Structure formats: structure tokens, C-alpha cells
Amino acid sequence: MEGMYPLGVITASILAFLLLVGIHGRWGKGRKATGKRGSGEVAAGFDEADVIVVGAGVTGSALAYALGKDGRRVHVFERDLSEPDRIVGEVLQPGGCLNLFELGLEDCLNEIDAQRILGYVLYKDGRSAKLSLPLEKYHVDVAARGFHHGRFIQRLREKAATLSSVQLKQGTVASLIKEDGIVKGVVYKTKSGKESKAFAPLTIVCDGCFSNLRHMLCSSEVDVPSYFVGLLLEDCQLPFPNYGHLILADPSIVLFYSISSTEIRCLVDVPGQKVPSIANGEMEMYLKTIVAPQVPTELRDAFVMAIDKGNIRTMPCKSMPADAHLTPGVFLMGDAFNMRHPITGGGMTVGLSDVIVLSNLLRPLHDLHDATALCKYLESFYILRKPVASTMNMLADAFYKLFGASSDEARKEIGQAYFDCLSLGGGFSSDSTALFGGLIASPLHLIIHFLVVVTYGVGHLMLPIPSVQGLRSSARLMSAAAGIILPLMKAEGVRQTFFPSTFPAYYRAPPAQLKQ
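Per chain, residues are indexed from 1 in the order of the written sequence. Owing to the predicted nature of the model, reporting of local features is limited to residues with pLDDT of at least 70; listing and counting of side-chain atom pairs is limited to 80 or more, with chain, interface and lining totals taken over all residues. Only hydrogens and water are set aside when side-chain values are computed; all heavy atoms of the structure are taken into account.

In the nomenclature of an unreviewed UniProt entry, the protein chain is known as Squalene monooxygenase of Ensete ventricosum. UniProt positions are given in the numbering used here, feature names are shortened, and annotations may be inferred rather than shown by experiment. Looking at the Function (unreviewed entry) heading of the UniProt record, one finds this comment for the protein chain: "Catalyzes the stereospecific oxidation of squalene to (S)-2,3-epoxysqualene, and is considered to be a rate-limiting enzyme in steroid biosynthesis."

Following this line, the structure appears as C-alpha cells:
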């Protein structure tokens, strides 16, 4: 027995040593996974995530890739990972293409038959104005792109999934897990209906315009001023190839743009909360009798043929100001957080810009577990996103108010003044397309642009000889202009949008405890 004692000590020592090595290895791997890592380094384990992303649309997929490329372990939950089929989110403006380049996602526009869009042609009352995007100064191809939404989404998801630190899971997130006011993770249901839980120090909700988690995290009201009615025109050519076509029709706007080498998407804006019934033929009658006569003759036959095929689809056009409640452990992004009328196609540009802002804020942080400190630090996101987001938000909603259905004659005067200014060409039209394309991220620039239009409209009413009637009409026009732009400025936050440097969050540095 005494002879076995040294053997037992040796055996126990070896086992203890192996145990310590194992514990140290697992602890070291965990520290490495939660810390800041180089762009080429990825985490190996998926027993615990650093970040949970709810939604694998444009924003969610791009965010997962950006965070995964920084080495964070990301779990993405998407209710349906099959290719989505939607009639919006089919145009990426040049500003969005620049964002793709910055994120390293530019190749996601390849192999989906995406069509270059070099500018826009506006039609109004028998006149047209051809506007080219100012792309000359860019050394990369940042022309706008038209494509099938689902194909682009799948490319983004595939790109995110190439990183071993990113895991995509099909499941519907039903609720957030909260402890002592801090969100710790999510409760989700798998495709089979089994309920499970997932935990991470940070949950980012970007589950789209139909978000079922939005009501827990913000109090903004969703406005639906109109619906898009979608048609697909096949085997026809646009009057101006590689240009989007906007018909400023009565009662509202009609869009045409290429989404593949053989297909043209048509979106008819139908104002109001209710659309004509497709089932009883009201929609077909509306499109043929009201809209078709205003469609350019080169597209009219194809437009009617698309109606006759019967594949008519509708989509609500939603608008919602950004007003999230700051909640430790969770963050709201994408269309779940902020929407503008889709008439200008700026949603994906804003979403990708937000991804860049957030990933840049998170990059210096090693540890995300101090939820309160992280929440306070991320307040700066809401200020730093303003140049792009506020410009695109106000532009889209102002454009729709000018050219959408309205009985206000003064608004129609402003719309006519805007069209006349664009028809002149030169610097004004170049500025307009740069704003439209997300190439100018300046709310102040947009406001000055709007004031130029109003001044032009007033001048038109007062010339050649000022009159009392002209003065009255000018006063109504200026009142209508204020009625358009001031509420939009208020919704964005005047101080946050135009005087961001007056907010402490604008200068906020990463908390020391999160950098360790």
C-alpha cells in the first residue's frame, strides 16, 4: 500500500495538470472570442454568441458580416431563410453601393443579373427631364443597381455564412429575455415549432418593416400613406435604357426600372389606406383606365399585357420616424427602427450606412457584458447616423408630398417648380440626383435645395409684373412649403440633425471597462 502512494500522487498530478490545461484552453478561447480581433480572425465555438442578430434581411445580413469579420461570434435568427419574393427593395442607390464597398460586400451584386441605373427620367404633363447621376468622380462602379430583391438577400446571407464566426439559424424570435431591465437574449421557435432560448450580451433587432419586436423597443407610430401595386413587364425595353423612369401622374407616381436583363418592374403608387380589389376586377379596371393612358407609349402595351397576366401584387408604403427606447442589452436597427416612403429607394442605403456606423462604434470594444455602459455609449449611434438617415428620410417624404396625391394647389405649384428647375439641367439637377442617390449626406444641403425650389416657384408667380393675386399665391406657396418641410425636420429632431455637436454623445469615447 505504501508503494502505491507515490504512483497515486504521480497519477493525480498528471490528471490535475491535464485538467488545468483544458480549463485554461477553454478560458483562453472564450476570452479570445469575446475580445477585439483582427479582421481576418474568426471564432471557432458556437456554444455562446457575442451578438444575436434578429433578421437576415439587408441590414441584418450585412451587420452579421461586418461583426463577424471583426471576429465576433454572431448568431442570426431569420424566420425564413428561403429566397424572399418582394416588390420593393429592388433598387440600391449609388450611396448604398459605396457602403457595400466599404463593408467588403460589393461582390454581392455579382451573379444576380443586376442592372446598372445611370440616372432617372421624369415625365410630367407631356414633358420629360432626363437626369444623370454624378458618378464621374468615383474610381469604382457605383452606379445604382436594379435587381430581384430575393437574389440580393441570398447573396448577402451567403457572404455572411462564409465566416465561421457567423451562424444563420431559421427560427422566429417570439420575445426578448429580460432580467432586471436588461435584455439577455431571445426566445425563438424553430421551423418544427420547438421553443428554444439563445443568450448573448447584445441583441440587435432588425427584423424589417413587419417587425414583431418593434413595439417592445420604440413608441413611433407607423404611417401608411399609400400602397405600391407591382407588375412585372417582360421582354420590353425602357425608352431610356439604364435609367429609372418616374411618371408624375394623376393621382400619384408610377415607377419603371429594370430588375434583370429581361424584366422591368412597374410600381404604381395608390394613395390612401385601401387599394382597389384585385379579386373582383376593380384593380384591373383602375390600372387600365386611370394609369395606362399616362404610361409612356413605348411601355403601354407591355403594361397592359402585364395586367392581363394577372400577377398583380401590393405592398404597403410605410413611414416611421426613428424613436427607439434605450434598453440595456438590445439595439433596434433597419426598417424595424426607421422607415421613409419607398418612392426614392433610399431604405437600403440608410440601412447599410447604419451598419457602418454601428460596427465602427463596436470595433474598439473587447467586452460587451456591461450592458448599462454599452447602452450609454451607443447613444452616439443616434447622432452619428443623422447625416445619411435624415437626408434620405426627409427627401423621400418631401418628394412624395410634392408629387403624390394632393388636392392642395400650392403643393402642386411647388411640385411644378421643382420639375421646372430639374428641366433646366446644370448644377441644380446634378445636386438633385446626388441627393436622390445618397451621394450627398447633408440635411442642411437638402433644406437649401428645397428653399431654392420655393424661391423659384415664388418668382414664377410674381413675374413678369407683381400683383396682389401673385402675392397671395406666393404666400400660400410658402405656407405649403413650411407645412411640408417643418414637420419632417421636427420628426428628425432639429438639434440632432442640424446641430449634432451640441450633444455630449457626439463626442463619446468607448468606456474603459469595455475596452479591457
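Right, picking up where we left off after that structure.
Peer 1: Honestly, the overall build of the protein chain in this entry has me stumped. Any pointers?
Peer 2: Put simply, DSSP marks the helices as runs of H or I at least four residues long and the strands as runs of E at least two long, and each gets a number from the N terminus on. A count of helical and extended segments in the protein chain gives 17 helices and 17 strands. Seen through its principal axes, the protein chain has C-alpha atoms that stretch 120 × 55 × 45 Å. Contacts in the protein chain between residues far apart in sequence, at least 24 positions, make up 75% of those at least 6 positions apart. Computed with a 1.4 Å probe, the accessible areas rest on the Shrake-Rupley method; for each residue, only the protein chains presented here act as cover. Total accessible area on the protein chain stands at roughly 22,800 Å², and carbon and sulfur atoms take up 57% of it. Only heavy atoms matter for contacts: two residues are in contact if any of them lie within 4.5 Å across the pair.

Peer 1: Please clarify how the confidence of the model for the protein chain should be interpreted in this entry.
Peer 2: As a note on interpretation, predicted positions should not be read in detail where pLDDT is low. Confidence of the predictor in every single residue is expressed as pLDDT, which spans 0 to 100. Mean pLDDT over the protein chain stands at 89; residues scoring 70 or higher make up 91%. Segment residues 1–46: pLDDT under 50, and 47 contacts once partners within four positions in sequence are set aside and those in other chains are kept.

Peer 1: Would you mind showing me how to read the packing of helix H14 (residues 443–462) against helix H15 (residues 468–492) here?
Peer 2: Describing two packed helices takes the angle between their axes plus the distance from one axis to the other. Each axis is a line fitted through C-alpha atoms, taken for helices only over the stretch in contact, and angles between the N-to-C directions span 0 to 180 degrees. The N-to-C vectors of H14 and H15 enclose an angle of 165°; their axes lie 9 Å apart at closest approach. On the basis of the axis angle, H14 is roughly antiparallel to H15. Crossing geometry of H14 relative to H15 is assigned as right-handed. When H14 is examined against H15, the residues Ile447, Phe450, Val454, Gly457, Val458, Leu461 and Met462 are found in contact with a partner set consisting of Gly470, Leu471, Ser473, Ser474, Leu477, Met478, Ala481, Ile484, Ile485 and Met489. Angles are sorted into four bins: roughly parallel if under 35 degrees, roughly antiparallel if over 145, roughly perpendicular if 65 to 115, and oblique for all others. Should the near helix be turned counterclockwise from the far one by less than a right angle, the crossing is left-handed, whereas a clockwise turn marks it as right-handed.

Peer 1: Help me understand the pairing of strand E14 (residues 253–258) in this model?
Peer 2: Consecutive side chains of a regular strand alternate in pointing toward one face of the sheet and then the other. With a 1.4 Å probe rolled over the protein chains alone, any residue whose accessible area is under 20% of its type maximum counts as buried; one over 50% counts as exposed, and the rest are partly exposed. Buried residues dominate E14, accounting for six of its six residues. By the alternation rule, side chains of E14 split into Ile253, Leu255 and Tyr257 and Val254, Phe256 and Ser258, which are all buried. When DSSP finds two or more bridges between two strands, those strands count as paired. Pairing between strand E13 (residues 243–248) and E14: four bridges, direction antiparallel. Across the sheet, His245 pairs through a bridge with Phe256, a residue of E14. Here E13 hands over to E14 after four residues, the two strands then running antiparallel side by side. Pairing of E14 with strand E15 (residues 263–271), which is carried by five bridges, proceeds in the antiparallel orientation.

Peer 1: What's the story with the side chain of Gln115 in this structure? I'm lost.
Peer 2: Mapped onto the secondary structure, Gln115 falls in strand E4 (residues 115–117). Within the structure, the side chain of Gln115 is placed 3.0 Å from the backbone oxygen of Asp113, a separation counted as a polar contact. Setting aside anything within four residues of it in sequence, one finds Gln115 in contact with Ala144, Arg145, Gly146, Ser258, Ile259, Ser260 and Ser261. Two N or O atoms count as a polar contact when they lie within 3.5 Å, although within protein this holds only if one can serve as hydrogen donor and the other as acceptor, and sequence-adjacent residues are included solely when both atoms are side-chain atoms.

Peer 1: Got a minute to help me understand the nonpolar core in this structure?
Peer 2: Within soluble globular proteins, side chains that are nonpolar tend to cluster in buried spots. Buried Ala, Val, Leu, Ile, Met, Phe, Trp, Tyr and Cys residues form a nonpolar core when they are joined through side-chain atoms within 4.5 Å. Of all hydrophobic cores here, the largest spans 131 residues; its most connected members are Phe152 and Ile204. Other than its neighbours up to four places away in sequence, Phe152 contacts Val58, Leu92, Leu100, Cys108, Leu109, Ile112, Phe147 and Met348. If you look at the next biggest cluster of nonpolar residues, it comprises 28 residues, including Leu233, Val254, Cys266 and Ile307.

Peer 1: Looking at this structure, how should I read helix H3 (residues 94–103)?
Peer 2: Residues three or four positions apart in an α-helix share a direction because the helix packs 3.6 residues into each turn. Across the ten residues that make up H3, a large majority, seven, are buried. Turning to H3, its buried residues are Pro94, Gly95, Gly96, Cys97, Asn99, Leu100 and Leu103. Buried-residue contacts for H3 involve helix H2 (58–69), strand E3 (91–92), strand E7 (144–146), helix H4 (149–161) and helix H8 (347–362). Directly beyond the C-terminal end of H3, a positive phi value near 80° is found at Gly104.

Peer 1: Would you take a moment to explain the sheet that holds E14 for this structure?
Peer 2: To summarise the sheet geometry, strands pair through backbone hydrogen bonds and adopt either a parallel or an antiparallel arrangement. One open sheet holds the seven strands; their spatial order is E6-E5-E13-E14-E15-E12-E16, and the pairing between them is mixed. At either margin of the open sheet sits one strand with a lone partner, and together these are strand E6 (127–132) and strand E16 (313–319). For this sheet the average axis-to-axis angle between neighbouring strands, irrespective of direction, equals 20°. Judged from the six bridges that link them, strand E5 (residues 119–124) and E6 form a sheet pairing that is antiparallel. Each bridged residue has a counterpart across the sheet, and for Tyr123 the counterpart in E6 is Ser128. The sheet strands contacting helix H12 (residues 409–423) are E5, E6 and E13, and the helix crosses E6 at an angle near 60°.

Peer 1: Teacher, can you tell me more about the packing of aromatic side chains here?
Peer 2: Two descriptors summarise a pair of aromatic rings, namely the distance from one centre to the other and the angle between the planes of the rings. Pairing of aromatic rings covers Phe, Tyr and Trp, the last through its six-membered ring, and needs centres within 6.5 Å; plane angles under 30 degrees mean stacked, over 60 mean edge-to-face, and all others mean tilted. Tallying each qualifying case throughout the model produces 15 aromatic pairs. Judged by centre distance (6.1 Å) and plane angle (75°), the rings of Tyr418 and Phe428 are edge-to-face. Here the residue Tyr418 occupies a position in helix H12, and Phe428 occupies one in helix H13 (residues 426–436), the gap between them amounting to ten residues. By relative accessible area, Phe428 is classed as buried at 15%. The structure contains a cluster of three or more aromatic residues connected by ring pairs, namely Tyr120, Phe399, Phe403, Tyr418, Phe428 and Phe436. Whether a charge sits over a ring depends on NZ of Lys or CZ of Arg being within 6 Å of the ring centre and within 35 degrees of the ring normal. Sitting over the ring of Tyr243, Lys130 keeps its end group 4.7 Å from the ring centre. Residue placement shows Arg495 over the ring face of Phe503; its charged tip is 3.9 Å from the ring centre.

Peer 1: Is there a simple way to think about the environment of Val51 in this case?
Peer 2: Among the structural elements, Val51 can be located in strand E1 (residues 51–54). Residue Val51 is classed as buried on the basis of its relative accessible area, which comes to 0%. For the pair Val51 and Leu122, spaced 71 residues apart in sequence, the C-alpha to C-alpha distance is 44 Å. Contacts of Val51, omitting those with residues within four sequence positions, involve Leu67, Arg72, Arg73, Val74, His75, Ala200, Leu202, Ile204 and Leu368.

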